[in-house]
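One letter stands for each residue in the lines below.
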Amino acid sequence: MRNISSVLGRLAKSISISLVLLFAVTTTSQAQDAANGGALFKSNACNSCHAVGKKITGPDLAGLSERREEAWIVKWIHNPQGMVDSGDEQAVALKAEYPTMMAPYAHLSEGDIKDIIAYLQAEEVKLAEKKAAAPAGGAAASSDASPMMIVGLVALLVVAIAVIFALNRVTKTLEKVIANNQASIAEAQAKHEEAGESSAAKFAQAFLKNKKLVFFVVLMVVGLLGVAGWKAMWNVGVHEGYKPVQPIKFSHQIHAGVNQIECQYCHGGAFKSKNASIPSANVCMNCHNTVTGSDHYDGEISPEILKIYRAVDFDPETKTYGNNPRPIEWVRIHNLPDFAYFNHSQHVTVAGVECQTCHGPIQDMEEVYQYSPLTMKWCVDCHKETTVNTDNAYYDQLIEAHEKLKKGEKMTAAMIGGLECGKCHY
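Residues numbered from 1 in each chain as written. Predicted model: local features only at pLDDT ≥ 70, side-chain atom pairs only at ≥ 80, totals over all residues. Heavy atoms only, no water.

An unreviewed UniProt entry lists the chain under the name C-type cytochrome, with Sphingobacterium humi given as the organism.

## Some thoughts on the overall build of the chain
The line we're drawing: A helix here means a DSSP run of H or I that spans at least four residues, while a strand means a run of E at least two residues long, and both kinds are numbered starting from the N terminus. Burial here depends on accessible area, computed with a 1.4 Å probe over protein chains only, as a share of the maximum for the residue type. Under 20% is buried, over 50% is exposed, and the range in between is partly exposed. Throughout, a residue-residue contact means that at least one pair of heavy atoms, one from each residue, lies within 4.5 Å. Using the Shrake-Rupley algorithm and a 1.4 Å probe, accessible areas are obtained, with residue cover drawn only from the displayed protein chains.
The helix and strand tally for the chain stands at 16 helices and two strands. A buried classification covers 17% of the 426 residues belonging to the chain. Summarising the internal contacts of the chain: among those between residues at least 6 apart in sequence, 58% fall at separations of at least 24. Per element, the accessible surface of the chain, about 31,200 Å² overall, is 63% carbon and sulfur.

## Quick word on the packing of aromatic side chains
Spelled out, the test is: Ring pairs are drawn from Phe, Tyr and Trp, using the six-membered ring of Trp, whenever the two centres fall within 6.5 Å, and their geometry is named by plane angle: stacked under 30 degrees, edge-to-face over 60, tilted for the rest. Throughout this description, the term charge over a ring refers to an Arg CZ or Lys NZ atom that lies within 6 Å of the ring centre and within 35 degrees of the ring normal.
Applying the stated criterion across every chain, the model contains five aromatic pairs. Taken together, a centroid distance of 5.6 Å and an interplanar angle of 5° make the contact between W72 and W76 stacked. Of the two residues, W72 and W76 are both situated in helix α3 (residues 70-78); the distance of four residues between them amounts to about one turn of the helix. Of the residues examined, W72 reaches a relative accessible area of 13% and is grouped as buried. Overall, the relative accessible area of 11% leaves W76 in the buried class. Taken together, a centroid distance of 5.0 Å and an interplanar angle of 55° make the contact between Y309 and F314 tilted. Residue classification places F314 among the buried residues on the basis of a relative accessible area of 7%. Here a set of aromatic residues connected by ring pairs shows up, and it is made of Y309, F314 and Y321. Directly above the ring of W72 sits R68, whose terminal nitrogen or CZ lies 5.1 Å from the centroid.

## Topic: the pattern of salt bridges
Rules: The salt bridge criterion pairs a side-chain nitrogen of Lys or Arg with a carboxyl oxygen of Asp or Glu, the two atoms within 4 Å.
Summed over the entire model, instances satisfying the criterion amount to six salt bridges. Two residues, K114 and E110, come together in a salt bridge whose shortest N-O distance is 3.8 Å. Here K114 pairs with E110, and both are found in helix α6 (residues 110-180), just four residues apart, close to one helical turn. Of the residues examined, K114 reaches a relative accessible area of 37% and is grouped as partly exposed.

## Re empty space enclosed by the protein
In this approach the atoms are scanned with a rolling probe the size of a water molecule, which exposes any empty space left behind. Defined as follows: The way it works is a 1 Å grid over only the protein atoms, where trapped points that fit a 1.4 Å probe form a cavity and open points with protein on both sides within 12 Å along at least five of seven lines form a pocket, and then any residue with an atom within 4 Å of a point lines it. Grid points are joined across faces, edges and corners, and a volume is the space filled by probe spheres set on the points. For each domain, the first and last residues come from an automatic or database assignment.
Overall, the coordinates contain one cavity of 30 Å³ or more when judged by the stated rule. By volume, the largest cavity is sized at about 60 Å³. When we break the lining of the largest cavity down by domain, the ones giving at least three residues each are domain 1 (34-129) and domain 3 (279-327).

## Overview of the side chain of T292
Along the chain, T292 turns up in the loop between α11 (281-288) and α12 (303-312). If we ignore the near neighbours within four places in the chain, the residues touching T292 are I301, S302, I305 and Y309.

## A closer look at unusual backbone geometry
Despite not being glycine, Q260 has its phi angle at roughly 55°, a positive value. Tracing the backbone through its elements, the reader meets Q260 in the loop between α9 (252-258) and α10 (263-266). Residue Q260 is classed as exposed on the basis of its relative accessible area, which comes to 65%. Of note in this structure, D313 is not a glycine but carries a positive phi near 55°. Within the secondary structure, D313 is located in the loop between α12 and β1 (314-315).

## Some words on helix α8 (residues 211-234)
Heads up, the rule is: Any helix carries an expected span of 1.5 Å times its number of residues minus one. N or O atoms within 3.5 Å of each other form a polar contact, as long as, within protein, one can give a hydrogen and the other can take it, and as long as residues adjacent in sequence are counted only when both atoms are side-chain atoms.
Counted at 1.5 Å a residue, the expected span for α8 with its 24 residues is 34 Å, and the 34 Å between its end C-alpha atoms agrees. Of the residues that open α8, the one with a side-chain oxygen 3.2 Å from the backbone nitrogen of L213 is N210.

## Thoughts on a nonpolar patch on the surface
To keep it simple, the criterion reads: Exposure above 30% relative accessible area and the lack of any salt bridge qualify a residue for a patch; like charges then connect within 9 Å, and the nonpolar side chains Val, Leu, Ile, Met, Phe, Trp and Tyr within 5 Å.
Side chains of L213, F216, V217, M220, V221 and L225 sit close together on the surface and give an oily, nonpolar patch of about 530 Å² of accessible area. Position of V217 relative to the elements: it lies in helix α8.

## Observations concerning the UniProt feature "transmembrane region" (unreviewed entry) in the chain
The following threshold applies: UniProt positions are given in the numbering used here, feature names are shortened, and annotations may be inferred rather than shown by experiment.
Taking the UniProt record as the reference, the feature "transmembrane region" (unreviewed entry) is found at residues 148-167 and 213-234. Secondary structure content for residues 148-167 is 100% helix and 0% strand, and the end C-alpha separation is 29 Å. Across residues 213-234, helical content stands at 100% and strand content at 0%; the span's end C-alpha atoms are separated by 32 Å.

## Describing the environment of A128
Relative to the helices and strands, A128 is located in helix α6. Sequence separation between A128 and G53 is 75 residues, and the spatial gap between their C-alpha atoms is 9.5 Å.

## Re the side chain of N343
Tracing the sequence through the fold places N343 in the loop between β2 (320-321) and α13 (344-350). N343 sits in the buried class, given a relative accessible area of 16%. Among the polar contacts listed, one links the side chain of N343 to the backbone nitrogen of Q346, at a separation of 3.1 Å. Look past the residues within four positions of N343 in its chain and what remains in contact with it is S273 and K274.

## What about the packing of α11 against α12?
Axes are the key here: two packed helices are described by the angle between their axes and the distance separating the axes. Where we set the bar: For every element, the axis is a line fit to its C-alpha atoms; helices are fit only across the contacting stretch, and the angle between N-to-C directions ranges from 0 to 180 degrees. To sort the angles, those under 35 degrees are grouped as roughly parallel, those over 145 as roughly antiparallel, those from 65 to 115 as roughly perpendicular, and the leftovers as oblique. By the definition used in this description, the sense in which the near helix is turned from the far one sets the handedness, with an anticlockwise turn below a right angle giving left-handed and a clockwise turn giving right-handed. Each residue is assigned to one of three groups, with Ala, Val, Leu, Ile, Met, Phe, Trp, Tyr, Cys and Pro labelled nonpolar, Asp, Glu, Lys and Arg labelled charged, and all others, Gly among them, labelled polar.
α12 packs onto α11 with a crossing angle of 125° between their chain directions and a minimal axis gap of 10 Å. Between α11 and α12, the angle is such that the two are oblique. You can see that α11 and α12 cross each other, and the crossing is left-handed. Taken together, the residues of α12 that come into contact with α11 (itself represented by A281, C284, M285 and H288) are I305, I308, Y309 and V312. Considered class by class, the residues forming the contact of α11 with α12 number seven nonpolar, one polar and no charged.

Quick look at the structure:
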């Protein structure tokens, strides 16, 4: 009997250990599945249209595994348009509610999709915990803070009373000392003033008698004032390093640097007109209709992107525009004098000058500032060093005109651009 009991005990112990190990392996596997699903969800840009707990471009994914069967989800992700075309009721209903059709992700395996579902379920749990903990945490914080505040205020009051009492005693003591030594204090002050006046008078007389020293000091003062005045006048209108606070914290580092968006996508005038132009908010909305930056704000829309929505009167929930748009009051940074003519297209398109030549490392700027002085000397120095690209129609016309002159043919101002509007009208 003892042998049987011992064998049963060892068997029960082995089963217990096996169950614990199986639970640990299962838990670890589920965590890994959710982590892999999260990586797939973000790398395939699913988070640009979907979120857990709210609608974006697509439906709210909270409770997805409860609303849809797993096999249906896999089939939908692989070929959403095919399911709509086949007449699937749920697919047709989704298409009617969300007109923007989701792209197919046929490269995702069934295991990948299951991992994404595990990630969404984990996010649901986090969201529920966050909602449940918010009120309790706030109440606890307020209840803990109240006694501490009272104790702190009482201690501060006691210290203040003690300081006032000590200062009062010191003041009375000093008043007694001054009253007892009034005559001695007055006599000492009189001697000090007399000695100071005599020393200053002697120094002034000695200085004025030395004519060479006076001339040298005057010359130095005039020279310093002249240099300071020249430097001040030379820098009038030069705003190198100017970095004003803008109404929206637009980061060129993220857009032009990390995402490598071409400068002329936003500043479309740079290659075809005099001005580079400030992009309208509609250009911003081409991307930010779906890109909300919620990954960095706990699922909420970025406060800076919300400023764009307010400017165009856009409702991110319904994806509709209102009738009360407001302009974004950008602060101009690069500002040339009225008498200076600069044409962006001449430099960008004809000469092939990079934006960074004048604007500096714009792709690394979190906040834009004026990189170059933009003075006449700075422009002249650049024109002295820059090699001209003659491979364009303008120089072809000049060569043609030169050949005609060599042949003795007649040439008019119109033949070399004299009828261009910009020659007379600025």
